[in-house]
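Chain by chain, the residues run as shown.
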Amino acid sequence: MKAQLEKSFEVPQSGALVWDHLIDPNKVMDCVPGVSIDEKVGDNHYKGKVGMKFGPIGAKYDADIFYDEVDADNRKIILTGNGVDVKGNGNAEMTMTMNITDREDGGSKLDAIMDVTINGKIAQFGSRLITTVSNQLFKQFVTNFSKKLAEAEAAA
């Protein structure tokens, strides 16, 4: 099952502060519900866990997360992740492209395009449920990330 999701949100913080958080997996990944970083394997390669619930079924993946492109000049990041269900019930892959642009009022806008492929038990629920769950996770991420940015801005 494949799905493409496009998401955007705005924050009042500067693009520089947003960028500093997005390129640091230890600052951004804990904002994503169910995601944890366990170890840094290489310069742009991390191992972690991704867990989520889709209706009555939950999935937990052992994941590899890669920062494939980190373009500071254009404030663009391309992340890929792939994971295998810890119970052997499938796998998932994602490619996400994020762009940060400065707003005229001094804040920032983040645009993300995610291409997601899910195989196994979870795929049987179809893209509609995947999209619904993704929307909920994205809302939680925006709330968590916005709070973290506000705290970092207040501490600076």
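Everything below is about the structure shown above.
What comes next is a walk through the structure.

The rules behind the values
Residues numbered from 1 in each chain as written. Predicted model: local features only at pLDDT ≥ 70, side-chain atom pairs only at ≥ 80, totals over all residues. Heavy atoms only, no water. Helix = DSSP H or I, 4+ residues; strand = E, 2+ residues; numbered from the N terminus. Buried < 20%, exposed > 50% of the residue type's maximum accessible area, 1.4 Å probe, protein only. Salt bridge = Lys/Arg side-chain N within 4 Å of Asp/Glu carboxyl O. Polar contact = N/O pair within 3.5 Å; in protein donor to acceptor, adjacent residues only side chain to side chain. Contact = heavy atoms within 4.5 Å. Phe/Tyr/Trp six-rings, centres within 6.5 Å; stacked < 30°, edge-to-face > 60°.

Overview of the overall build of the protein
Alright, step 1. Scanning the protein for helices and strands turns up three helices and seven strands.
Alright, step 2. In the protein, the order of α-helices and β-strands from amino to carboxyl end is β-α-α-β-β-β-β-β-β-α.
Alright, step 3. When the backbone C-alpha atoms are referred to their principal axes, the protein occupies close to 45 × 35 × 25 Å.
Alright, step 4. Expressed as a percentage of the 156 residues in the protein, the buried residues total 40%.

Section: the pattern of salt bridges
Alright, step 1. Considering all chains together, one arrives at eight salt bridges under this definition.
Alright, step 2. A salt bridge links Lys-148 to Asp-30, with the nearest nitrogen and oxygen atoms 2.8 Å apart. Of this pair, Lys-148 sits in helix 3 (residues 126-155) while Asp-30 is found in the loop between helix 2 (25-28) and strand 2 (35-42), placing the two residues 118 residues apart along the sequence.
Alright, step 3. Judged by its relative accessible area of 48%, Asp-30 is partly exposed.
Alright, step 4. With its nearest N and O atoms 2.7 Å apart, the salt bridge here joins Asp-64 to Lys-47. One end of the pair, Asp-64, is in strand 4 (residues 57-71); the other, Lys-47, is in strand 3 (residues 45-54), and 17 residues separate them in sequence.
Alright, step 5. Judged by its relative accessible area of 17%, Asp-64 is buried.
Alright, step 6. A relative accessible area of 33% places Lys-47 in the partly exposed class.

Quick notes on the side chain of Ser-108
Alright, step 1. Mapped onto the fold, Ser-108 is located in strand 7 (residues 108-120).
Alright, step 2. Classification of Ser-108 by relative accessible area gives buried; the value is 0%.
Alright, step 3. Among the polar contacts made by the side chain of Ser-108, one reaches the main-chain carbonyl oxygen of Gln-13 at a distance of 2.7 Å.
Alright, step 4. Setting aside its immediate chain neighbours within four residues, Ser-108 contacts Phe-9, Glu-10, Val-11, Gln-13, Ser-14, Gly-15, Val-18, Ile-100, Thr-101, Asp-102 and Arg-103.

What about the side chain of Asp-71?
Alright, step 1. For Asp-71, the location among the structural elements is in strand 4.
Alright, step 2. Once residues within four sequence positions are removed from consideration, Asp-71 is found in contact with Trp-19 and Lys-76.

Remarks on the packing of aromatic side chains
Alright, step 1. Under the definition given, this model contains six aromatic pairs.
Alright, step 2. Centroid distance Phe-138 to Phe-141: 6.4 Å. Interplanar angle 40°. Geometry classified as tilted. Taken together, the positions of Phe-138 and Phe-141, both in helix 3 and three residues apart, correspond to about one turn of that helix. When sorted by exposure, Phe-138 lands in the same class as Phe-141, which is buried.
Alright, step 3. Taken together, the aromatic side chains of Phe-9, Phe-138, Phe-141 and Phe-145 make up a single cluster linked through ring pairs.

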